[in-house]
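In case you want the letters, here they are:
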Amino acid sequence: MSHIRIDVDDLFFGYEKENDILKGISFHARESESVGIIGENGAGKSTLLKLLVGLYGQYRGCIRIEDIPVEKSTLSVIRSRIGYVFQDSESQLFMNTVYEDIAFAPRNYGLPEQEVEKRVERALKMTGAERLKEKQIYKLSGGEKKLAAIATVLSMTPDILLMDEPSGALDPQNRRNLIRILNSFGHLKVIASHDLDMVLDTCQRAVLMYRGRIVKDGPAEEILTDRELLEAHGLELPLCLQGRSGGLRKT
Amino acid sequence: MKGIDGAVYEIHGMAALAARDKWINRIHPLVKLLLTLGYIGAVVSFSRYDIIGLIGLAVYPVAGFLLGDLSLKEGCRRMRFVLPLVCLTGLPNLFLDRRQVLFWGVKVGAGLFSMLTLAGKGVLTVFASYILIATTSLDKLCYALRLLHVPRALVTQFMLTYRYVTVLLEEAGRMVQAYTLRAPGQKGIRFKVWGSLTGLLLLRGMDRAENVYQSMLLRGWGTDYGYQKGRVPLRVWDILYFLFWAGIIAVFSLCPVLPILGDLIGGILI
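What comes next concerns the included structure.

Calculation notes
- Residues numbered from 1 in each chain as written.
- Chains lettered and ligands numbered in written order.
- Predicted model: local features only at pLDDT ≥ 70, side-chain atom pairs only at ≥ 80, totals over all residues.
- Heavy atoms only, no water.
- Contact = heavy atoms within 4.5 Å.
- Buried area = accessible area lost by both parts, 1.4 Å probe.
- Salt bridge = Lys/Arg side-chain N within 4 Å of Asp/Glu carboxyl O.
- Polar contact = N/O pair within 3.5 Å; in protein donor to acceptor, adjacent residues only side chain to side chain.
- Helix = DSSP H or I, 4+ residues; strand = E, 2+ residues; numbered from the N terminus.
- Nonpolar A, V, L, I, M, F, W, Y, C, P; charged D, E, K, R; others polar.
- Buried < 20%, exposed > 50% of the residue type's maximum accessible area, 1.4 Å probe, protein only.
- Core = buried A, V, L, I, M, F, W, Y, C linked by side-chain atoms within 4.5 Å.
- Pairing = 2+ DSSP bridges.

Looking now at the interface of chain A and chain B. In this assembly, 26 residues from chain A lie in contact with 22 residues from chain B. Both sides together, the interface formed by chain A and chain B hides about 2,400 Å², and carbon and sulfur atoms give 57% of it. Along the contact surface separating chain A from chain B lie three salt bridges. Measuring nitrogen to oxygen at the nearest pair gives 2.7 Å for the salt bridge that ties Arg174 of chain B to Glu90 of chain A. Inspection of the region where chain A meets chain B yields six residue pairs in polar contact (both at pLDDT 80 or more). Only helix H3 (89-92) and helix H4 (98-108) of chain A provide two or more residues apiece to the side of chain A that touches chain B. Looking at the side of chain A that touches chain B element by element, the count peaks at six residues for H4 of chain A. Looking at the side of chain A that touches chain B residue by residue, the class counts come to twelve nonpolar, six polar and eight charged.

The phi torsion of most residues other than glycine is negative, and most of the peptide bonds are trans. All names here are of chain A. Phi is positive for Glu66, which is not a glycine, with a value near 50 degrees. Residue Glu66 is classed as buried on the basis of its relative accessible area of 16%. Positioned with a positive phi, Arg211 is a non-glycine residue whose angle comes to about 45 degrees. Along the chain, the position of Arg211 falls in the loop between strand S9 (205-210) and strand S10 (213-219). Judged by its relative accessible area of 52%, Arg211 falls in the exposed class.

Bringing the nonpolar core into the picture now. Residue and element names in this part refer to chain A. By size, the foremost hydrophobic cluster in this structure holds 47 residues, and its most contacted members are Ile38, Val98 and Met163. No other element matches helix H6 (residues 142-154), which puts seven residues into this core. Apart from the residues lying within four places of it in its own chain, the contact partners of Val98 are Leu124, Leu132, Lys133, Lys135, Ile137, Leu140 and Ala148. Counting 37 residues, the second largest nonpolar core, distinct from the first, contains Val35, Leu51, Val53 and Ile78.

Opposite charge on two side chains permits them to pair, given that their charged atoms come into close proximity. In the structure shown here, the tally under the stated rule is 30 salt bridges over all chains. The closest approach of N and O atoms between Arg205 of chain A and Asp217 of chain A, which form a salt bridge, is 2.9 Å. Here Asp217 of chain A lies in strand S10 and Arg205 of chain A lies in strand S9, a separation of twelve residues in the sequence. For Arg205 of chain A, a relative accessible area of 12% gives the class buried. Salt bridges sharing common partners tie together Glu90 and Lys145 of chain A together with Glu170, Glu171, Arg174, Arg204 and Arg208 of chain B.

Another aspect to go through is the pairing of strand S2 (residues 106-109) of chain B. Regular strands place side chains that alternate from one sheet face to the opposite one. Residue and element names in this part refer to chain B. Bridge analysis of strand S1 (residues 100-103) against S2 gives four bridges, and the strand direction is antiparallel. If you follow Gln100 over to S2, its bridge partner there is Gly109. A loop of two residues connects S1 with S2, the two strands running antiparallel in sequence, and Trp104 in this loop sits at a positive phi of about 50 degrees.

This is how it looks when you write it as structure tokens:
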């Protein structure tokens, strides 16, 4: 039985000395949870996600993934279990074709070509992007790039999915498709976003960050309907709840 | 604007060409790399007056274009900046080499021959390299370089530079587009803003290149191409292809094939 979890304790991090962006973050997430990290621009959401996969090294505090501390010597193990979808899909896709890009990770992990092909097919099916298989990356639209970027990490069959602003630049149909993909991913997922509607649709739990600190951690429905709390920290009620006296929409 | 976009498009176009499923594209990358290196070696080792011998070696690029289903016109267009340069390298010989030689009973300046030979050598080597990159993807080329024990750091540099050029061009395209839209009627970019644009381009390019690199790291990239091993097996066909072309190149380099053929045909006619 796997014990997929993320443990972050008393985490401090800054790009410059004496100017911490994250100031004493502590949060824990367990298997099959879906956590939405919300906050205004510059709250430290993306930085936190990048620290979880060890993209920044000089932090203070403790980050553990499945009880493994995130440090230089453990990065390859940790990264093989986490799928990270970048905010900017263009940065995530660097091979010539969608197939090559999705196959990049399984090949790097030394899987036989037959298994690589299976994984690519499965990732394409999960994202509903089968038609893009042989397409060249530079010919993809914004929404297609996002789907391909998600497929590139799904082919790693990750235990944990981290997504940074996944709904940015997506049209309504692609956004709905994205929500479907996220809801079908059964493992632990952490989504950093200020698209509160999407967080409401995909996460049971929300973590509100403000200027490098966690100000509230609890059920998404509770936090995302608290107008005062959101407005005090630079956010607004989700669009689907604005203009109503209260209560959640039925999805 | 068009220029930058065009350059990005051409880079992607070359990658698409290399990714095609043609017979020559499936030949092992090491075989193609070794043949190209050997061919270039053979071409440059020809005497500077031996233009007839050099003509025989044109068989390799000609066959490459045919087997790879490559368009000569497109090849010339893609190499349009390099071809004139290599053709012009021999131009000084026309003035420096003032000896006279007899050619079919007519006195001709030796400089003309050496100029034509140098230009010929340049064109043949450029086309051989073009055929290699048009039929072999960069990943496979890097893998072949590693098989030749080219240092890992050097191969990594080579691969990342290629990726970085695209990223840099895309960023440059966006910046120029943003500038043009806010400077209607202006031709080009004003000299005054060149400094800030270049600085910004470098910073943005580095930022994006770092993101791409991070994305590669997160998907298990270990700065090596070992993963290709199972994917590009060396087949009997590859060895036969290598032996065939190595033989042809050796024969055309070591024997005066065209004069012999000429004598033979001449003898038959007489």
